[in-house]
Amino acid sequence: MTSCIIKEKKDTQLSICHYFGVRPSQPVQKTAPKKKKRKFEQLYLDLGQRDFGKPVHCHTCGMMYVPGVKEDGMTHAQRCHVFQHGVRWTPTPAMRLVNKVSADECILEIRHTDPRILRNKLAAVLDVVQRELSFVTDTDGLTPQQTAYLYIVQNRVVGLIVAETIAEAFTVHSSERRDALMGIFQLWVHANHRRKGIASRLVTAAREHKVFGMVVPFHQTAFSSPTQSGLEFAKQYANGPVLVYNCASLELK
Ligand SMILES: [Zn+2]
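Please read these numbers as outputs of a predicted model, since none were measured by experiment.

Calculation notes
- Residues numbered from 1 in each chain as written.
- Predicted model: local features only at pLDDT ≥ 70, side-chain atom pairs only at ≥ 80, totals over all residues.
- Heavy atoms only, no water.
- Donors = N, O, S within 2.8 Å, 3.2 Å for Na, K, Ca; no water.
- Helix = DSSP H or I, 4+ residues; strand = E, 2+ residues; numbered from the N terminus.
- Buried < 20%, exposed > 50% of the residue type's maximum accessible area, 1.4 Å probe, protein only.
- Salt bridge = Lys/Arg side-chain N within 4 Å of Asp/Glu carboxyl O.
- Axes fitted to C-alpha atoms, helices over the stretch in contact; angles between N-to-C directions.
- Parallel < 35°, antiparallel > 145°, perpendicular 65-115°, else oblique.
- Contact = heavy atoms within 4.5 Å.
- Nonpolar A, V, L, I, M, F, W, Y, C, P; charged D, E, K, R; others polar.
- pLDDT = per-residue confidence, 0-100.
- Phe/Tyr/Trp six-rings, centres within 6.5 Å; stacked < 30°, edge-to-face > 60°.
- Lys NZ or Arg CZ within 6 Å of the ring centre and 35° of its normal.

### What to know about the coordination of the zinc ion
Around the zinc ion, the donor atoms from the protein are Cys58 (SG), Cys61 (SG), His76 (NE2) and Cys80 (SG), and they sit 2.1 to 2.4 Å away. If you list the donors of the zinc ion from N- to C-terminus, the spacing comes out as C-x2-C-x14-H-x3-C. With Cys58 in the loop between strand 1 (56-57) and strand 2 (64-65) and Cys80 in helix 3 (residues 70-85), this residue pair connects regions lying 22 residues apart in the sequence. For the residue pair Cys58 and Cys80, the accessibility class agrees, reading buried in each case.

What follows is the structure, encoded as structure tokens:
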């Protein structure tokens, strides 16, 4: 497994992992014969030898990995890099562009019928999103009812909506049943790109493109099990009542 990420100097976590990975795992001997070697051993201790071989939880990306196991360190470094900067995604004319926001910002649409290469890339995005939202699904792709919209900034995915067709939803407070056309199954914006209107543009893109030939009115758009912050966003966007669906419980405020 090789990656250009490995060469990046600023990723200190990686250099430590990699360093451990290629060094012998024996405990440091007190009777080191050569001066040169003693210097090296001191460094080894400073880097936290007590944790050597024990799984570590990364607070940035949430991954458990074992420092000192080379493959673990490399897998973690790659995932952590993607987590911090977003999955790389270079738009091409063959992709379905639904909104060219600016020279290096756009929204792309991905359907379950798209070529496998696109769906595989989408699966990598969903992996990052689901890890961050601690969201568990049994599929790593889209169902036939679902369409994804990706927000790309400088060739990185920084936002995602998975929208799906639904038939009914409920009001948040009274749990009244309402007809609905579109459900927002997942909505995610990268932490470094929040409060820039990306979520709003994604919802608008989904409303304009999910159902052929119409713009889905907001009163027929519902949110699947929204978090508190998701609900706050929806209220702001709607400037009125918000519909929800798929909720295990409707004890939302
Ligand atoms: Zn990490």
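On we go.
### A few points about the pattern of salt bridges
This model, assessed by the stated rule, comprises seven salt bridges. Of the charged contacts, one joins Glu168 and Arg177 as a salt bridge, the two residues approaching to 2.5 Å between their closest N and O atoms. A relative accessible area of 33% places Glu168 in the partly exposed class. Taking the relative accessible area as the measure of exposure, Arg177 reaches 47% and is therefore partly exposed. The partner of Asp179 in a salt bridge is Arg177, with the nearest N and O atoms 3.3 Å apart. Residues joined in a network through salt bridges with shared partners are Arg96, Glu109, Arg111 and Asp114.

### Section: the packing of helix 3 against helix 4 (residues 116-133)
At a minimum axis separation of 10 Å, helix 3 and helix 4 run at an interaxial angle of 80°. Taken together, the axes of helix 3 and helix 4 lie roughly perpendicular to each other. Here Arg79, Val82 and Phe83 of helix 3 lie close against helix 4, whose contacting residues are Asp127, Val128, Arg131 and Glu132. When grouped by side-chain class, the residues that make up the contact of helix 3 with helix 4 number three nonpolar, no polar and four charged.

### Brief notes about the confidence of the model for the chain
Across the chain, pLDDT averages 79, with 75% of residues at or above 70. No element of the chain has a lower mean pLDDT than helix 1 (residues 12-22), at 25, and none a higher one than strand 5 (residues 146-153), at 98. Residue range residues 249-253 is modelled with pLDDT below 50. Its contacts to residues more than four positions away, or to other chains, number 13 contacts.

### Some words on the packing of aromatic side chains
Centre-to-centre distance and the angle between the planes together describe a pair of aromatic rings. Under the defined criterion, the tally for this structure stands at three aromatic pairs. Between Phe218 and Phe223, the aromatic rings sit 6.1 Å apart at their centres with planes inclined by 50°, giving tilted as the arrangement. The same class applies to Phe218 as to Phe223, namely buried. For the pair Phe233 and Tyr237, a centre-to-centre distance of 5.9 Å together with 45° between the ring planes defines the contact as tilted. Of this pair, Phe233 and Tyr237 both sit in helix 6 (residues 228-238), four residues apart, which is roughly one turn of that helix. Of the two residues, Phe233 and Tyr237, neither departs from the other in class, the shared state being buried. Each member of the aromatic cluster is reached from another via a ring pair, and the members are Phe218, Phe223, Phe233 and Tyr237. The ring of Trp89 has Lys121 lying over it, and the distance from NZ or CZ to the ring centre is 5.2 Å.

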